[in-house]
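Analysis of the macromolecular model
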Amino acid sequence: MKGPVILGGKDLEVEEMSPPAQERTLPHKWLPKEALPMYSGKKAEMYLFKTAEEKVRNHALSKVKEGLEVMGFLLGEVFTHQGVEYTVVRDVATTDLEATSVSVRFDPEGFEALFASLECARFRYVLVGWYHSHPGHGCFLSSTDISTQKGMFDRPYHTALVVDPVRKEMDAFCLSDGEVLRRKFLVYWDEFQNPYYGESVRPKKIRM
Amino acid sequence: MVVRVRVRNAETGATVDMELEMENTVEEIIEGVSAYWEKDPGAYVIRKGRRLLRGQQKVQELDIQSNEELELIPDPEGGKI
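Residues numbered from 1 in each chain as written. Chains lettered and ligands numbered in written order. Predicted model: local features only at pLDDT ≥ 70, side-chain atom pairs only at ≥ 80, totals over all residues. Heavy atoms only, no water.

Some points on the packing of aromatic side chains
Residues and elements named next belong to chain A.
- Within this structure, the stated rule accounts for eight aromatic pairs over all chains.
- Ring geometry for Y47 and Y86: centres 5.6 Å apart, planes at 80°, overall edge-to-face. Here Y47, found in strand β4 (residues 46-49), pairs with Y86, found in strand β6 (residues 84-93); they are 39 residues apart in sequence, far enough to count as distant.
- On the accessibility criterion, Y86 (3% relative accessible area) is buried.
- One aromatic cluster in this structure is built from F73, F106, F111 and F115.
- The residue whose ring lies beneath R57 is W30, and the NZ or CZ to ring-centre distance is 5.8 Å.
- One Lys or Arg, R90, reaches over the ring of F123 and ends 4.2 Å from the middle of that ring. (Phe/Tyr/Trp six-rings, centres within 6.5 Å; stacked < 30°, edge-to-face > 60°. Helix = DSSP H or I, 4+ residues; strand = E, 2+ residues; numbered from the N terminus. Buried < 20%, exposed > 50% of the residue type's maximum accessible area, 1.4 Å probe, protein only. Lys NZ or Arg CZ within 6 Å of the ring centre and 35° of its normal.)

Shown next as structure tokens:
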């Protein structure tokens, strides 16, 4: 008997695509102060769909009282635009977790529920990153997080999204030549969705 | 008898085509693709649809159809420390 034989492989073909329109994007309202300077000029490298963002935030908030971390995958697509690679996170997936206030991973018994949510994705996703929470500890990548990022999410487009639901902070990170860098990301929404942090919409008075 | 499958790396969207013998195990499949993609085999699982394929299961037990796609999924760990 011989082992499995690999006959050949193929990499993902990255499409050229314009990112979400500027008028349908905003920086996240929970960005920590130290992240703000990079939001003045540089292009975003990750666009997080409003609904996915709500799922991440609500997941983290749901475990605040217990002080537990949460975690999940960022499901999205990779594109390029004018020579710049970026990702669009359209959804997230998670399952039952084994968590403490300082660690988190998937419950081994929860994989099939995780796979069920992956099966429900209505697009050919790539795991363009992962999210997890640091309740009360701020947003950064710990040595465990860096090890996960290096071992699993080591492509330039991979993002680690970290949320602190106690301090109300959310920030994104990536690796560049093994070094942790902050990543500029924007929340985007579809044309007919109101942004959750948008202004109220009042009917315009028509002057006769 | 051999069966040909495609394994998709969920982290990158890359795929490999593999030829499996009925006696091959899931662990061997993970080791094969992990070596190809230079990953730590211990940090990954494989799914077939909604099913988690267990390491010691043999191909003959998996009801794999020819040209079926399996997916390599990371098992990450996060933490403050």
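Digging into unusual backbone geometry
Residue and element names in this part refer to chain B.
- Here E38, not a glycine, exhibits a phi torsion of approximately 55°, which is positive.
- Turning to its location among the elements, E38 is positioned in the loop between α1 (26-37) and β3 (44-48).
- For D63, which is not a glycine, the phi torsion comes out positive at approximately 55°.
- With respect to the helices, strands and loops of the structure, D63 is situated in the loop between β4 (51-53) and β5 (69-74).
- Given the relative accessible area of 52%, D63 is considered exposed.

Quick word on the pairing of strand β5 (residues 71-81) of chain A
All names here are of chain A.
- Within β5, 10 of the 11 residues are buried, which leaves it mostly tucked inside the rest of the structure.
- Across two bridges, the pairing between strand β2 (residues 15-16) and β5 is parallel. Bridged to E16 within β5 is T80.
- Across six bridges, the pairing between β5 and strand β9 (residues 126-133) is antiparallel. (Pairing = 2+ DSSP bridges.)

Digging into the pattern of salt bridges
- For the structure shown, the criterion picks out 20 salt bridges over all chains.
- The closest approach of N and O atoms between E45 of chain A and R183 of chain A, which form a salt bridge, is 3.1 Å. In this pair, E45 of chain A sits in the loop between β3 (25-27) and β4 while R183 of chain A sits in the loop between β12 (179-182) and β13 (185-188), placing the two residues 138 residues apart along the sequence.
- E23 of chain B serves as the salt-bridge partner of K58 of chain B, at 3.1 Å between the closest nitrogen and oxygen. Linking K58 of chain B in the loop between β4 and β5 with E23 of chain B in the loop between β2 (15-21) and α1, this pair joins segments that are 35 residues apart in sequence.
- Take K58 of chain B: its relative accessible area is 27%, and that puts it in the partly exposed class. (Salt bridge = Lys/Arg side-chain N within 4 Å of Asp/Glu carboxyl O.)

Looking at the sheet that holds strand β1 (residues 2-9) of chain B
- Spatially, six strands are ordered β1(A)-β2(B)-β1(B)-β5(B)-β3(B)-β4(B) in an open sheet, and the strand pairing comes out mixed. Two strands bound the open sheet, and with one partner strand each, they are β1 (5-10) of chain A together with β4 of chain B. Averaged over all pairs of adjacent strands, the angle between their axes in this sheet comes to 35°, without regard to strand direction.
- As paired elements, β1 of chain B and β2 of chain B share seven bridges and run antiparallel to each other. Along β2 of chain B, the bridge assignment pairs R8 of chain B with T15 of chain B.
- Packing of helix α2 (residues 111-120) of chain A onto the sheet brings it into contact with β3, β4 and β5 of chain B, and relative to β3 of chain B it is tilted by some 60°. (Axes fitted to C-alpha atoms, helices over the stretch in contact; angles between N-to-C directions. Contact = heavy atoms within 4.5 Å.)

Digging into the confidence of the model for chain B
- Per-chain confidence: chain B averages 94 in pLDDT, with 100% of residues scoring 70 or above.
- Scoring of the predicted complex yields 0.92 for pTM and 0.95 for ipTM. (pLDDT = per-residue confidence, 0-100.)

A word on the sheet that holds strand β8 (residues 103-106) of chain A
- The antiparallel open sheet is built from three strands, whose spatial order is β7(A)-β8(A)-β6(B). The open sheet has two edge strands, β7 (97-99) of chain A together with β6 (77-79) of chain B, and neither has a second partner. Here the strands of the sheet are splayed against their neighbours by 20° on average, with no regard to which way each runs.
- One ladder, built from three bridges, connects β8 of chain A with β6 of chain B; its direction is antiparallel. Along β6 of chain B, the bridge assignment pairs V104 of chain A with G78 of chain B.

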